[in-house]
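# Working through the structure, step by step
Now for the letters of each chain:
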Amino acid sequence: MEMPTPNPDVLRRKDAVLRRLLQVLPEDAVIHDPAETRAYECDALTAYRCPPMLAVLPSTTGEVSDVLRICNEEGVPVVPRGSGTSLAGGALPTADSVILGIARMNDVLETDYDNRIIRVQTGRTNLSVTGAVEAEDFFYAPDPSSQLACAIAGNIGMNSGGAHCLKYGVTTNNLLGVKMVMMDGSVVEIGGAHLDAGGLDLLGVICGSEGQLGVVTEATLRILRKPEGARPVLMGFDDNEVAGQCVSDIIKSGILPVAIEFMDTLCIKACENFAQAGYPDCHALLIVEVEGSEAEIDYQLSKIIEIAKRHNPVELRESQSAEESAKIWLGRKSAFGAMGQMNDYMCLDGTIPVSALPQVLRRIGELSEEYGLPVGNVFHAGDGNMHPLILFDANKPGDLEKCETFGAEILKLCVDVGGCLTGEHGVGIEKRDLMSHQYAPADLEAQMAVKDVFDPNWLLNPAKVFPLDVSEARRIAAE
Amino acid sequence: MAEIVAGLQGPVRIAGGGSRGIGGPEMTIETGGLSGISLYEPGALTIVAQAGTPVAEIEAALEAEGQQLAFEPMDHRGLLGTNGAPTIGGVVAANISGPRRIQAGACRDFLLGVRYVDGKGHVVKNGGRVMKNVTGYDLVKLMGGSWGTLGVLTEVSLKVLPKPEAVATLALRADDVSEAVAVMSAALKSPFEVSGAAYDPQEMRVLLRVEGFTDSVAYRVEQLKSTLAGFGEIAEIDGSVERWQAIRDVSAFHGVDGDVWRISVKPSDATGIAQRIGADRTLYDWGGGLIWALVPKGTDLRARLGAFEGHATLVRADAETVEALGRFQPENAGIQALTQGIRQRFDPRGLFNPGLMG
């Protein structure tokens, strides 16, 4: 992966920058020893690594503001970092950058059940937001798989989703307000506990901007009352196309399940070996979950089962107990781990129109043969968000590059059938160079114009999102 | 459209059907010529349409498949006394949502993709037609609710949802705003998926809406009755569809003299806000978070409000008042700078709906 050449002038001034940062931050919040900055050399996309010049861990919005003001004055790039769980390299440093870790800012500032909101510092982890309100039977809806570790700051940066967004939406649909520090150190507040921030929807464009527009330090989030209950049904089919048709028929019937998960043969087998979830031996497996009272669940599942039966399932199993539900989900939730046990893998997350599912799966199968690399598919089928997992051997020379080329072909395929490169992981560096496949020059120009307004010197989270050749003129002009 | 914009010599008003009455320059670009549904996949819950497509045409197509625009866009014609057929582009450009916004989300939450012509005459697309998409910056949200100030929408794609099989409405008496907000908060805090919570002080009545499968609605109505028993007598009343349409369209103010303001606040602030504005008449939607206020012509409601968390939009007034007070809540300096910066880059010649926003 090509990265811009580190600015030698910035590297030379490391000590001067360090001194200025130490004037505004406590000593334990500034990491400068190369042995320690190494801890920030990568995120969850571990194939790419580069230790930053410095790392800082501010504890207040004021400290974040001081750091950004200083870095802006010194012309030093800043890479904001939540918990470092990005699968797209969204928090990958450059050698001349300062990592700004938000982890120390993890307080709950306000919980307000009457108005159904929570206000938190953004270093707080996703799951601990729900943790703060579950005693009152509330929850925070977006549930990325990394929710135990990932920070709200990163969720906002990447507009994270999860398995339950078919019903509850993704981060942007659950974010009501932010306090954000701009690269020049100024602080803006947008939105709040009221609905629909006034004026232009800046909140909407900040969410998912991959930390390139500002550093969000506080967020007002919508919290929801937990449903009375939830229950999954598991169904197996002998044909991907039939499973895809079944998904479409369920949605058309007027039922809105909270989750529809899809797994193909390789994943089913891997998960079964790993978790003994009792999955059937078949080509396509669906887990469909609905919510409500016992009677409501019974009604919805009976309708879903009636639809499924029309498609001749080889297996149809309605969960009879909480234990069985947990077991059904255990298999799905351990999919990545199970595949990881078989080999190294690369996880993609292109989205496709649900109707293109059979065509895309068929083509992925063909490509898998051509490249000689196995692919397992897990899939949020309700919203078309695919997760092909390409298996490869990192120790085998050339395998990673082959895997990346294969991955790029799959993502281009997703775009070509009417979908997109990434449904919930973000572009980061991983999909940066594919952006031109999805967007024409004028489309990218419009996005970069927004960046120009928020971060005129192009210092925030460098080398992400936009292909380097597309952003080159701006980066040079800013230097 | 790109050619028209590129050839413009001066400012224009961007209009769909013209039903939202935004005012502005004489010269108008109407999007009505860009009409038609280009793609509708009920099994994928998505629809793509040209910006000038009448909302009625979209709603009819969805109705035929038992689906709907879940954000329940308001029809402004009755309130504003305008004519013309509301277009989907207009709904998107103004981010128009109705009572279901509290449960299902706003128009912008259902907007999946846009295509527009910017002020330089370039055709730009963002987003797409799939529900999950984080590829690049989300200009879809930025264009939604930008009131035509950043570009002329030519195509939009939207997520749609199943239309509920049944609807029920519960009514409770509430003597004042604070009592009403308390009832509505209790209902919205319950797990029974209330999809509408409105209060009319003149009738001293809170209305709550429950939607879904028939048995489920019946069940949740009973559960709500017992959950809210402490607030007084609760009755199920009929005419749900018409009642919520009236709330959506603010029918109570149709043909009644005076300026109309729309204020978005935190529901628990509604009581204090109501006292400050001293309006002739108010209506509350979104559990108290949306206040419709009717005041004498020319009233500077924002002066009465002072500093508050939220925003007040002048929806109906004569041109003079709009000119004097501004349609939208003035932003603080930081946000204003961002807004102006974005407008300047998207529309460097200042062609689109000048003076409308920021």
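To start, this report covers the structure provided alongside it. (Residues numbered from 1 in each chain as written. Chains lettered and ligands numbered in written order. Predicted model: local features only at pLDDT ≥ 70, side-chain atom pairs only at ≥ 80, totals over all residues. Heavy atoms only, no water.)

A few words on the overall build of chain B. Within chain B, the regular secondary structure consists of 14 helices and 17 strands. The C-alpha radius of gyration of chain B comes to 21 Å, within 12% of the 21 Å expected for a compact globule of 358 residues. Projected onto its principal axes, the C-alpha positions of chain B cover 65 × 50 × 35 Å. Taken across its 358 residues, chain B has 61% of its residues classed as buried. In chain B, once contacts between residues fewer than 6 apart in sequence are set aside, the share between residues at least 24 apart is 70%. Accessible surface for chain B amounts to roughly 12,800 Å². Of this, 49% is attributable to carbon and sulfur atoms. Averaging the coordinates of the 34 positive side-chain charges in chain B and doing the same for the 41 negative ones gives two points 5 Å apart. (Helix = DSSP H or I, 4+ residues; strand = E, 2+ residues; numbered from the N terminus. Rg over C-alpha atoms; globule rule 2.2 N^0.38 Å. Buried < 20%, exposed > 50% of the residue type's maximum accessible area, 1.4 Å probe, protein only. Contact = heavy atoms within 4.5 Å. Areas by Shrake-Rupley, 256 points an atom, 1.4 Å probe, with all protein chains shown as cover. Lys, Arg positive; Asp, Glu negative; His and termini not counted. Charge placed at Lys NZ, Arg CZ, Asp CG, Glu CD.)

Turning to the environment of Asn461(A), a few remarks are in order. All names here are of chain A. Residue position: Asn461 is located in the loop between helix H17 (441–454) and helix H18 (468–478). Residue Asn461 is classed as buried on the basis of its relative accessible area of 1%. In this structure the C-alpha to C-alpha distance between Asn461 and Glu210, which are 251 residues apart in sequence, comes to 7.7 Å. Reaching out from Asn461, the side chain makes a polar contact with the backbone oxygen of Gly90 at a distance of 2.9 Å. A polar side-chain atom of Asn461 sits 2.5 Å from a polar atom in the side chain of Lys464. (Polar contact = N/O pair within 3.5 Å; in protein donor to acceptor, adjacent residues only side chain to side chain.)

Let's shift gears to the state of the cysteines. Among covalent bonds in proteins, the disulfide is the one between the sulfur atoms of two cysteines. All names here are of chain A. Scanning the model with the defined rule gives 0 disulfides over all chains in all. No disulfide involves Cys42; its sulfur sits 11 Å from the nearest other cysteine sulfur, which is in Cys50. Cys42 gets classed as buried once you look at its relative accessible area, which sits at 12%. For Cys271, which is in no disulfide, the shortest distance to another cysteine sulfur is to Cys267 and amounts to 5.7 Å. (Disulfide = S-S within 2.5 Å.)

Attention now moves to unusual backbone geometry. The backbone of Gln276(A) shows a phi angle near 45°, a positive value even though the residue is not glycine. Inspection of the secondary structure assignment puts Gln276(A) in the loop between helix H10 (265–275) and strand S14 (284–291). Positive phi, normally seen in glycine, also occurs at Trp147(B), with a value near 50°. Within the secondary structure layout, Trp147(B) lies in the loop between helix H7 (139–143) and strand S8 (152–159).

Next up on the list: the packing of helix H14 (residues 357–371) of chain A against helix H15 (residues 399–416) of chain A. Residue and element names in this part refer to chain A. Two numbers describe how H14 lies on H15: the axes approach to 11 Å, and their chain directions differ by 160°. By the angle between their axes, H14 is roughly antiparallel relative to H15. When you trace H14 past H15, the crossing you get is right-handed. Residues Val360, Arg363, Ile364, Leu367, Ser368 and Tyr371 of H14 form the contact with H15, whose participating residues are Lys402, Thr405, Phe406, Glu409, Ile410 and Leu413. Split into classes, the residues belonging to the contact of H14 with H15 amount to 7 nonpolar, 2 polar and 3 charged. (Axes fitted to C-alpha atoms, helices over the stretch in contact; angles between N-to-C directions. Parallel < 35°, antiparallel > 145°, perpendicular 65-115°, else oblique. Left-handed = near helix turned anticlockwise from the far one by under 90°. Nonpolar A, V, L, I, M, F, W, Y, C, P; charged D, E, K, R; others polar.)

Time to look at the pattern of salt bridges. Within this structure, the stated rule accounts for 52 salt bridges over all chains. One salt bridge connects Arg209(B) with Glu72(B), and the closest N-O pair in it is separated by 2.9 Å. On the criterion of sequence distance, the pair formed by Arg209(B) in strand S12 (residues 205–212) and Glu72(B) in the loop between strand S5 (67–68) and helix H3 (77–80) is long-range, its members being 137 residues apart. Take Arg209(B) and Glu72(B): they sit in the same class, and that class is buried. Each of Asp9(A), Arg12(A), Arg13(A), Arg20(A), Glu73(A) and Glu74(A) takes part in salt bridges that share partners, so that together they form one network. (Salt bridge = Lys/Arg side-chain N within 4 Å of Asp/Glu carboxyl O.)

With 93 residues of chain A at the interface, the matching set in chain B holds 72 residues. Taken together, the two surfaces of chain A and chain B that pack against each other cover about 6,500 Å², and 59% of this comes from carbon and sulfur. Inspection of the chain A/chain B interface yields 8 salt bridges. Among the ionic pairs, Lys125(B) bridges to Asp443(A), the shortest N-O distance being 3.1 Å. At the boundary of chain A with chain B, the tally comes to 31 residue pairs in polar contact (both at pLDDT 80 or more). With 10 residues, the single largest contributor to the side of chain A that touches chain B is H17(A). Among the residues forming the side of chain A that touches chain B, the class breakdown is 41 nonpolar, 31 polar and 21 charged. (Buried area = accessible area lost by both parts, 1.4 Å probe.)

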